[in-house]
Amino acid sequence: MTEKQKSDQKTFNEVLSECRKSDDFVSDTVHSNKYHLYYLHFYNSLVDTAPLNELIIKPLQKHPVFSFEDLKGKIPVKELNVAATGRDLEEGLHRGHVLIQFDPNEPYGLLVSVNRSENREVNIPEVEYSVIGPKEGLVEDLNINLNLIRKRLPVSTLCIKKIKVGSISHTEVAVLYLSDIANDDNVQTMIQRIEDIDYDEISDSSYINQFIEDNSNSPFPQLIDTERPDRVAAQLTEGKVAVMVAGSPSAITAPTTIIEFFSAFEDYFIPWHLASVFRMIRLFAVMFSVFSTPLYVAVITYHTELIPQDLLATLILSRSIIPFPPIIEAIFLELTIELLREAGARLPTKVGQTIGIVGGIVIGTAAVEAGLTSNVLLIIVALAALASFTTPIYRIGNTIRLIRFPFLLMAQLWGLLGISLLATFFLVHLITLKSLGRPYFEPIYPFRFKDLRDSFFRLPFKYQYDRPEVMQVKRSKRFSRQESRKSSDIDEHIQ
């Protein structure tokens, strides 16, 4: 029997008995007159005492009532529900409700919501910060996050389906989509995968992400997580499905493609030619971050004939006192960079920045002077680490950090052949990978010419009249191409 089934079979009195074991659970009485009593049960850590006194206790003391219908009319609170099962009672009490009973032996009561709300204010996104554009970021409160989305998409076709996940945590998960655009198969696949989750506690959207992605063994993320409500709204209009989790300051959107992980949402706030250049720079930076150090190891170990004569003398001089093979010094520097990065991330902000900068300079200089590594490799590793920070999505940055090490090992084993074989393996893996059942490597494979307008580069908005084909949406047109051309012709005629 699962935890959910056990919870569903609890009786009213069994739930109250379990709750009384906790020191923050309160069972109290309210006197309306000397002949009439009300019995109140609640968690004082979840209930706001001011509304409890003003909206429940004082009205009960002044106006005695003898039925739940009369009670509903006397208490000025919108959320009032009769609890007749142990499941309803347990869920209500743990959501900040107060149970009111006329008789403590009765297996039912009235649940009144006076929950305490402690929320973080909407603030600037920390990970996806942009100089241009909106500065609102998602927070831990699900209703606030849904409000931020509805403000940007004030249409009745924005549908939200809420699901309870977690046999112990009962975490509220919201699935968002535009019913007139999103593909029904994508929506149903997302809902079904979430409903199939059998786990006791869900505390963040990252849990949902790992449960519903198509291939959990792949190092490549198959769903985009974002803390920007404007990005969620934009992707919903493309036909994607979004998932928000109570207690999580980030949302998940799917299906997605590999190219989207290198597209910053700030690209849409600047001119298209600048956005295209910056996007190409990010793609080049990622390729450099992955292949630069393995190529150095492969060339120095096996293919010295590829090095120009002018550069060969510099490399020989830099390695003349190094007692280790290139693979050892490369792994030493890569691990040093990773240690500095982890230390900087785990320490307080100001201390972490100091450790990263000072530690990198001191350790790098000391390693070269001690003859543990060459200054050329130090420069290459530092540039590779710097290039890995250009990825706008945090999760793909972690992937780049990870796959550098297999490439290093293959470079040491078989040189350029090893790098080529591993690159082919990852290419085949990306081609076969899916995101919510849709091609992950689109628009390259399968090749779709129309989707290239917003992939490696971004064309002007007037050419983005079609939604991405990979979504297979109900309405593929964003706007009329003919009307757009007429408007352009009118503008040119006026000028």
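Here's what I pulled together on the structure shown here. (Residues numbered from 1 in each chain as written. Predicted model: local features only at pLDDT ≥ 70, side-chain atom pairs only at ≥ 80, totals over all residues. Heavy atoms only, no water.)

## Some points on the overall build of the protein
Counting secondary structure elements, the protein contains 16 helices and twelve strands. In terms of overall size, the protein is more extended than a compact globule, its C-alpha atoms giving a radius of gyration of 30 Å where 495 residues would be expected to give roughly 23 Å. Along the three orthogonal principal directions, the C-alpha set of the protein runs to about 105 × 70 × 45 Å. Expressed as a percentage of its 495 residues, the buried residues of the protein come to 45%. A sequence separation of at least 24 residues applies to 65% of the contacts in the protein between residues at least 6 apart. Accessible surface for the protein amounts to roughly 25,600 Å². Of this, 59% is attributable to carbon and sulfur atoms. (Helix = DSSP H or I, 4+ residues; strand = E, 2+ residues; numbered from the N terminus. Rg over C-alpha atoms; globule rule 2.2 N^0.38 Å. Buried < 20%, exposed > 50% of the residue type's maximum accessible area, 1.4 Å probe, protein only. Contact = heavy atoms within 4.5 Å. Areas by Shrake-Rupley, 256 points an atom, 1.4 Å probe, with all protein chains shown as cover.)

## Thoughts on the packing of aromatic side chains
Inspection of every chain in the model, using the stated rule, returns 13 aromatic pairs. Consider the rings of Phe-25 and Tyr-43, whose centres lie 5.0 Å apart with planes at 70 degrees: the pair is edge-to-face. Within this pair, whereas Phe-25 is found in strand S1 (residues 25–33), its partner Tyr-43 is found in strand S2 (residues 36–43), the two being separated by 18 residues in sequence. Here the aromatic rings of Tyr-199 and Phe-211 are separated by 5.4 Å at their centres, their planes lie at 55 degrees, and the arrangement is tilted. Of this pair, Tyr-199 sits in the loop between helix H7 (184–195) and helix H8 (205–212) while Phe-211 is found in helix H8, placing the two residues twelve residues apart along the sequence. Overall, the relative accessible area of 38% leaves Tyr-199 in the partly exposed class. Following the ring pairs from residue to residue traces out a cluster consisting of Phe-220, Phe-291, Phe-407, Phe-425 and Phe-426. (Phe/Tyr/Trp six-rings, centres within 6.5 Å; stacked < 30°, edge-to-face > 60°.)

## Points about the pattern of salt bridges
If you walk through the whole model with that rule in mind, you get 27 salt bridges. The residue Glu-140 makes a salt bridge to Arg-120 at a minimum N-O spacing of 3.0 Å. Of this pair, Glu-140 sits in the loop between strand S5 (109–113) and helix H6 (142–152) while Arg-120 sits in the loop between S5 and H6, placing them 20 residues apart in sequence. Close ionic contact of Arg-478 with Glu-238 constitutes a salt bridge, the shortest N to O distance being 3.6 Å. Note that Arg-478 is positioned in the loop between strand S12 (438–439) and helix H16 (481–494) and Glu-238 in the loop between helix H9 (229–237) and strand S9 (241–245), a separation of 240 residues in sequence. Residue classification places Glu-238 among the buried positions, given a relative accessible area of 14%. (Salt bridge = Lys/Arg side-chain N within 4 Å of Asp/Glu carboxyl O.)

## Digging into helix H2 (residues 12–19)
One turn of an α-helix holds 3.6 residues; hence residues three or four places apart share an orientation. Every buried residue of H2 is listed here: Phe-12, Val-15, Leu-16 and Cys-19. Taken around the axis of H2, the buried residues stretch over an arc of 95 degrees, which confines them to a single face. (Arc of directions from axis to C-beta.)

## Comments concerning the environment of Pro-392
Mapped onto the secondary structure, Pro-392 falls in the loop between helix H14 (375–388) and helix H15 (394–432). Overall, the relative accessible area of 17% leaves Pro-392 in the buried class. When neighbours within four sequence positions are excluded, Pro-392 is seen to be in contact with Glu-128, Phe-261, Phe-262, Ser-263, Ala-264 and Arg-282.

## A closer look at the pairing of strand S7 (residues 171–178)
The element S7 is extensively covered by neighbouring structure, given that seven of its eight residues are classed as buried. For strand S6 (residues 158–165) and S7, the ladder comprises eight bridges, and the chain directions are antiparallel. Of the residues in S7, the one forming a bridge with Val-165 is Thr-171. Two successive antiparallel strands, S6 and S7, enclose a turn made up of five residues, where Gly-166 displays a positive phi of approximately 105 degrees. Across four bridges, the pairing between S7 and S9 is antiparallel. (Pairing = 2+ DSSP bridges.)

## Points about the layout of surface pockets
The method is simple in principle: a probe with the dimensions of a water molecule rolls over the atoms, and the space it marks as empty is what remains. Approximately 930 Å³ is the volume attributed to the second largest pocket. If you go around the second largest pocket, you meet 32 residues; those closest to its centre are His-94, Arg-95, Asn-115, Asp-141 and Glu-172. Secondary structure elements with two or more residues in the lining of the second largest pocket: strand S3 (80–83), helix H5 (86–93), H6, S6 and S7. Among the residues forming the lining of the second largest pocket, the class breakdown is six nonpolar, 14 polar and twelve charged. (1 Å grid on protein atoms, 1.4 Å probe; cavity = no way out; pocket = protein on both sides within 12 Å on 5 of 7 lines; lining within 4 Å. Points joined across faces, edges and corners; volume = space filled by probe spheres on them. Nonpolar A, V, L, I, M, F, W, Y, C, P; charged D, E, K, R; others polar.)

## Section: the environment of Leu-340
With respect to the secondary-structure elements, Leu-340 resides in helix H12 (residues 326–346). By relative accessible area, which is 16% here, Leu-340 ends up buried. The sequence separation of Leu-340 and Thr-399 amounts to 59 residues, and the corresponding C-alpha distance is 18 Å.

## A word on the packing of H12 against H14
The geometry of H12 relative to H14 is characterised by a closest axis approach of 10 Å and an angle of 40 degrees between their N-to-C directions. In terms of axis orientation, H12 runs oblique to H14. Classified by chirality, the crossing of H14 by H12 is right-handed. Of H14, the residues touching H12 (which contributes Pro-326, Glu-329, Ala-330, Leu-333, Glu-334, Ile-337 and Arg-341) are Leu-377, Leu-378, Val-381, Ala-385 and Ser-388. When the residues that make up the contact of H12 with H14 are grouped by side-chain class, the tally is eight nonpolar, one polar and three charged. (Axes fitted to C-alpha atoms, helices over the stretch in contact; angles between N-to-C directions. Parallel < 35°, antiparallel > 145°, perpendicular 65-115°, else oblique. Left-handed = near helix turned anticlockwise from the far one by under 90°.)

## What about a nonpolar patch on the surface?
There is a patch of nonpolar side chains on the surface, built from Ile-124, Tyr-129, Val-131 and Ile-132 and spanning about 390 Å² of accessible area. Take Ile-124: it is sitting in the loop between S5 and H6. Judged by relative accessible area, which is 41%, Ile-124 ranks as partly exposed. (Patch = residues over 30% accessible without salt bridge, like charges linked within 9 Å, V, L, I, M, F, W, Y side chains within 5 Å.)

## Examining the sheet that holds S9
Spatially, S6-S7-S9-S10-S8 is the arrangement adopted by the five strands of the open sheet, whose pairing is antiparallel. With one partner strand each, in any of the chains shown, S6 and strand S8 (224–226) form the two edges of the open sheet. Within the sheet, the average angular offset between the axes of one strand and its neighbour, ignoring direction, is 25 degrees. Pairing of S9 with strand S10 (residues 251–254), which is carried by four bridges, proceeds in the antiparallel orientation. Bridge assignment links Ala-242 to a residue of S10, and that residue is Thr-253. Docked against the sheet, H7 engages S6, S7, S9 and S10, running at close to 15 degrees with respect to S6.

## Some details on unusual backbone geometry
Cis geometry is found at the peptide bond from Ala-254 to Pro-255, where omega equals -5 degrees. On the secondary structure map, Pro-255 appears in the loop between S10 and helix H10 (272–302). Note the cis peptide between Tyr-445 and Pro-446, where omega equals -5 degrees. A positive phi angle, close to 50 degrees, is found at His-170, a residue other than glycine. Note that His-170 resides in the loop between S6 and S7. Located in the positive-phi region is Leu-436, a residue other than glycine, with phi close to 55 degrees. With respect to the helices, strands and loops of the structure, Leu-436 is situated in the loop between strand S11 (434–435) and S12.

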